[in-house]
Amino acid sequence: MSAFQALAAPTGGPTLAARNWMRGTQGQGAGGRAASSSAAPGRARGKCVTVASIRQREATGQQVYRKSIESRDSIRMGIPSKGRMAEDTMDLLDECQLKVRKINPRQYAAEIPNVPGMEVWFQRATDVVRKLISGDIDIGIVGYDMLREIGNEDEDLVVVHDALGFGGCHLAVAVPNSWEDVNSLRDLLSDTRWSKERPLRVVTAYMNLAEQFFKDQGFDNVELSTADGALEAAPAMGAADCILDLVSSGTTLRENNLKQIDGGRVLESQGVLVASRTALLNRPGTLEIIHEILERFEAHLRAEGLFMVTANVRGSSAEEVATSLAKNGSQLLRGLQGPTVSPIYTPSADGSPSKEGSFYAVSLGVPKSRIYETVKEIRKEGGSGVLVFPLTYAFDEEPPRWNALVNNLGLDARDYDFLKIGGSTKH
């Protein structure tokens, strides 16, 4: 049995994630020399961190309690309670006219007045996932990294929106800069320093993902340990050889003399909207609320970075102006689906219709980075009086992710067409 297998083998107790202890003074130092094993009587050597998913606990025979739909009538949404993820979540909800209102600032329960009938609960990110699986909440916003780590691809978890536009980062392996010969995962795998007696020691807060990643990459001699924070210090302290942690800008790694390696990315992460499959299919009103939240999110996120450019263009007819733009202009002058062209009444000085020809207002949705380029293209077509303003929402006929969700749930999208026009019951 390999060192990795020995560490991960089931023992009838908790899973690997629950059985690993923060090593502290135990194990070997960075140079391979065994550290002192003495400790003060009665003092705990480490901290056991249980991060196993419900599905993992089921696999080890531990009893799992899943709340039944009948256990409550209310629809519940869980959102992060602290940190940047919590701030970004609140900002997104606010920008989508879904402002969260806390009746009592000391309580963890709140509401969204624009979504009557839904409770909002502030939870730790890990608990948002756990309570989705256990049936304590129905909808959640959380980082994809945490969803994968705690949820562990549980079949009841459905990702409704996979790109909320905040919390962007990736989970990656980082090694000391002093390892000049280790610049890729292949180098790390072939390093002869690691053996059954002296495994590669990796510290991470993502035990489940780390276990699966190293197994998939063919590592036999790996020992995983967990810590609550400051993982970047572990290699310098001799508590670990390398780390597997979230990386955003990479500044913290560089300041602690660590580097990422090719092939060492485990997954990309950002904020996601997730829901319980059981609640979506069986709790009345949940699917309707998800549709509204999803449509608001999609419209807002689609509009981010888009600006409306409006200009006056002379022509004999709206059709002639549109044809000229399509024929002579670049792709920029075609907008999202095509330019919007409408007539403008331009009177002469005496109030009679202008004899100089008709003007038409042309409106185009364009990316912010290409506004000036668009203005110049419009001028080539005789445009003037150009106005530019940001877009807040860009609603489509139906959010593409809604159709994907309905298909995922095995439902017929036609049964829910009434939601597009504000209906409350299926026809």
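Since the structure is predicted, the reported quantities are computational estimates derived from the model, not experimental observations. (Residues numbered from 1 in each chain as written. Predicted model: local features only at pLDDT ≥ 70, side-chain atom pairs only at ≥ 80, totals over all residues. Heavy atoms only, no water.)

## Overview of the nonpolar core
Reasoning step 1: In terms of nonpolar packing, the biggest core is built from 37 residues, with M118, I141, L273, I290, F297, W402 and L405 touching the most fellow members.
Reasoning step 2: At the level of secondary structure, the elements contributing two or more residues to this core comprise strand 1 (75–80), helix 4 (83–95), strand 3 (118–123), strand 4 (139–143), strand 5 (157–161), strand 11 (271–276), helix 12 (286–303) and helix 15 (400–408).
Reasoning step 3: Sort the elements by how many residues they give to this core and helix 12 lands first, with 7 residues.
Reasoning step 4: Ignoring sequence-local partners within four residues, the contact set of W402 consists of L287, I290, H291, L294, Y416 and L419.
Reasoning step 5: In this structure, L132, V173, V202 and L224 belong to the second largest nonpolar core, which totals 35 residues. (Core = buried A, V, L, I, M, F, W, Y, C linked by side-chain atoms within 4.5 Å. Buried < 20%, exposed > 50% of the residue type's maximum accessible area, 1.4 Å probe, protein only. Helix = DSSP H or I, 4+ residues; strand = E, 2+ residues; numbered from the N terminus. Contact = heavy atoms within 4.5 Å.)

## Focus: the confidence of the model for the protein chain
Reasoning step 1: Per-residue confidence for the protein chain gives a mean pLDDT of 82, with 79% of residues at or over 70.
Reasoning step 2: Per-residue pLDDT stays below 50 along residues 1–59; that stretch engages in 119 contacts with residues further than four places along the chain or on separate chains. (pLDDT = per-residue confidence, 0-100.)

## Some words on a negative patch on the surface
Reasoning step 1: Together, E87, D91, E95 and E304 line one region of the surface with negative charge.
Reasoning step 2: With respect to the element layout, E95 can be found in helix 4.
Reasoning step 3: Exposure remark for E95: the relative accessible area of 37% places this residue in the partly exposed category. (Patch = residues over 30% accessible without salt bridge, like charges linked within 9 Å, V, L, I, M, F, W, Y side chains within 5 Å. Areas by Shrake-Rupley, 256 points an atom, 1.4 Å probe, with all protein chains shown as cover. Salt bridge = Lys/Arg side-chain N within 4 Å of Asp/Glu carboxyl O. Lys, Arg positive; Asp, Glu negative; His and termini not counted. Charge placed at Lys NZ, Arg CZ, Asp CG, Glu CD.)

## Brief notes about the packing of aromatic side chains
Reasoning step 1: Per the stated rule, a full pass over the model turns up 6 aromatic pairs.
Reasoning step 2: For the pair F214 and F219, a centre-to-centre distance of 5.1 Å together with 85 degrees between the ring planes defines the contact as edge-to-face.
Reasoning step 3: Ring pairs connect the aromatic residues F213, F214 and F219, which therefore count as one cluster.
Reasoning step 4: Of note, K102 hangs over the ring of F122, and the distance from its end group to the ring centre comes to 4.4 Å. (Phe/Tyr/Trp six-rings, centres within 6.5 Å; stacked < 30°, edge-to-face > 60°. Lys NZ or Arg CZ within 6 Å of the ring centre and 35° of its normal.)

## Notes on the packing of helix 12 against helix 15
Reasoning step 1: Packing of helix 12 against helix 15 leaves a shortest axis separation of 9 Å and a crossing angle of 150 degrees. Taken together, the axis directions place helix 12 and helix 15 in an arrangement best described as roughly antiparallel. Considering only the axes of helix 12 and helix 15, their crossing is right-handed. Where helix 12 approaches helix 15, its residues L287, I290, H291, L294 and E298 are matched on the opposing element by P400, R401, W402 and L405.
Reasoning step 2: In the contact of helix 12 with helix 15, the residues fall into 6 nonpolar, 1 polar and 2 charged. (Axes fitted to C-alpha atoms, helices over the stretch in contact; angles between N-to-C directions. Parallel < 35°, antiparallel > 145°, perpendicular 65-115°, else oblique. Left-handed = near helix turned anticlockwise from the far one by under 90°. Nonpolar A, V, L, I, M, F, W, Y, C, P; charged D, E, K, R; others polar.)

## Observations concerning the sheet that holds strand 15 (residues 383–390)
The strands making up a sheet associate through hydrogen bonds between their backbones, and the pairing can be parallel or antiparallel.
Reasoning step 1: Taken in spatial order, the 4 strands make up an open sheet running 13-14-12-15, and their pairing is antiparallel. With partners counted over all chains shown, the strands left at the sheet margins are strand 13 (340–344) and strand 15, one partner each. Averaged over all pairs of adjacent strands, the angle between their axes in this sheet comes to 20 degrees, without regard to strand direction.
Reasoning step 2: For strand 12 (residues 306–315) and strand 15, the ladder comprises 6 bridges, and the chain directions are antiparallel. From the neighbouring strand, T310 faces strand 15, where its bridge partner is L387. (Pairing = 2+ DSSP bridges.)

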